[in-house]
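# Results of the structural survey
The lines below spell out each chain.
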Amino acid sequence: MYLMDYHHHTNNSFDSKAIMEEVCNEAIKKGIKEICFTEHFSLNPVVPTYGYMDFERYFHEIRDCRDKFQDQLIIKAGIEICEPHQLKDKYTEAFKPLELDFILGSVHNMNNEKLRKFLGDKNSSSAYSEYFTEVYQLVSFADIDVIAHLDLLKRYAINTIGNFDFNECKDLIASILEKAIDRNIGIEINTSGLRGKLNETLPSVNIIQLYKDLGGEILTIGSDSHFAETVGAHLHEATEIAKECGFTSIFKFDKRTPIAVNL
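Read on for an overview of the structure.

### Quick look at empty space enclosed by the protein
This model, assessed by the stated rule, comprises one cavity of 30 Å³ or more. Taken as a whole, the largest cavity spans an internal volume of roughly 40 Å³. Along the walls of the largest cavity sit Met1, Tyr2, Leu3, Met4, Ile221, Leu235, Thr239, Ile250 and Leu263, which together make up its complete lining. At the level of elements, β1 (3–8) and α9 (235–244) are the ones that each hand at least two residues to the lining of the largest cavity. Among the residues forming the lining of the largest cavity, the class breakdown is eight nonpolar, one polar and no charged.

Take a look at the structure:
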């Protein structure tokens, strides 16, 4: 099996202390063949990711690791953007000089507030409806390759309002997936939820199945790890989920071009 981890953070992200070289060493030990470092980045000055990313340093580390591990590990340069649909033109300009292989788009903030604060005293119906509506805006207007952890809100809501009702949200989720398919944007199986109380992937299996049923093809798998030791966590489980949902391939990216890899 060609193992790939297409969502990993290092100390180039504000919320990780992982060292890229150590992540690569651990990936090789686990039999991972390809990794994409997807560091947090935002041009919105009021969100936590703003002002932390140093692209010169990041690409220097990418080049060093490619040189060191060239015969053992394929290393791709990626980015995870917070709410990129809100500042589309600025992101386009910022990324022009960068040789990125892969761009994840995510909703980490609502109304410039972290998701935990956004939840406030909202009930499940209104919170998830507002969140998925924002994800629809992201997939409609942002220049991204894949939607990161499509149902992320549940990670922060699980201790208060709980997980969302799939049937209640199905139409809105379907509209997100249909728009993604129309714009040639994929989704990921993010395994981070398997390492905590959620005990399920992000998005959940029924969303992955719906994406497939609607004709979706572009699917990546990522650990969303922020530590060297959890690189590639649960990749095998995610691969089995992809197969059970009817996928015969997952995707890697090169210079933002999706390339199918048989499962």
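### Notes on the sheet that holds β1
Pairing within the open sheet is parallel, and its seven strands lie in the order β1-β2-β3-β4-β7-β8-β9. The sheet terminates laterally at β1 and β9 (219–222), the two strands that pair on one side only. Relative to strand β2 (residues 32–41), β1 runs parallel, the two sharing four bridges. Looking across to β2, one finds that Met4 is bridged to Glu34. Its contacts with the sheet place helix α2 (residues 55–68) against β2 and β3 (74–82), and it is angled at close to 155 degrees to β3.

### Brief notes about the environment of Glu134
Among the structural elements, Glu134 can be located in helix α5 (residues 124–141). Sequence separation between Glu134 and Ile176 is 42 residues; the distance between their C-alpha atoms is 9.7 Å. If near-sequence neighbours (up to four positions away) are discounted, Glu134 is found in contact with His85, Gln86, Val107 and Met110. Here His85 takes part through its side chain, which lies 2.7 Å from a polar atom of the side chain of Glu134.

### Brief notes about α5
Between its first and last C-alpha, α5 extends 26 Å over 18 residues, near the 26 Å set by a 1.5 Å rise per residue. Considered for burial, the residues of α5 that qualify are Ala127, Tyr128, Tyr131, Phe132, Glu134, Val135, Leu138, Val139 and Ser140. In the core, the buried residues of α5 are packed alongside β4 (102–106), β5 (109–110), α4 (115–119), β7 (146–147), α6 (153–157) and α7 (166–182). Here α5 starts with a cap whose side-chain oxygen sits 3.3 Å from the backbone nitrogen of Ser125, and that cap is Asn123.

### Structural notes on the side chain of Thr191
With respect to the element layout, Thr191 can be found in the loop between β8 (186–190) and α8 (205–213). A polar atom in the side chain of Thr191 sits 2.7 Å from the backbone oxygen of Ala233. The residues contacting Thr191, other than those within four sequence positions of it, are Gly222, Ser223, Ala233, His234 and Ala238.

Procedures and definitions
- Residues numbered from 1 in each chain as written.
- Predicted model: local features only at pLDDT ≥ 70, side-chain atom pairs only at ≥ 80, totals over all residues.
- Heavy atoms only, no water.
- 1 Å grid on protein atoms, 1.4 Å probe; cavity = no way out; pocket = protein on both sides within 12 Å on 5 of 7 lines; lining within 4 Å.
- Points joined across faces, edges and corners; volume = space filled by probe spheres on them.
- Helix = DSSP H or I, 4+ residues; strand = E, 2+ residues; numbered from the N terminus.
- Nonpolar A, V, L, I, M, F, W, Y, C, P; charged D, E, K, R; others polar.
- Pairing = 2+ DSSP bridges.
- Contact = heavy atoms within 4.5 Å.
- Axes fitted to C-alpha atoms, helices over the stretch in contact; angles between N-to-C directions.
- Polar contact = N/O pair within 3.5 Å; in protein donor to acceptor, adjacent residues only side chain to side chain.
- Expected span 1.5 Å × (residues − 1).
- Buried < 20%, exposed > 50% of the residue type's maximum accessible area, 1.4 Å probe, protein only.

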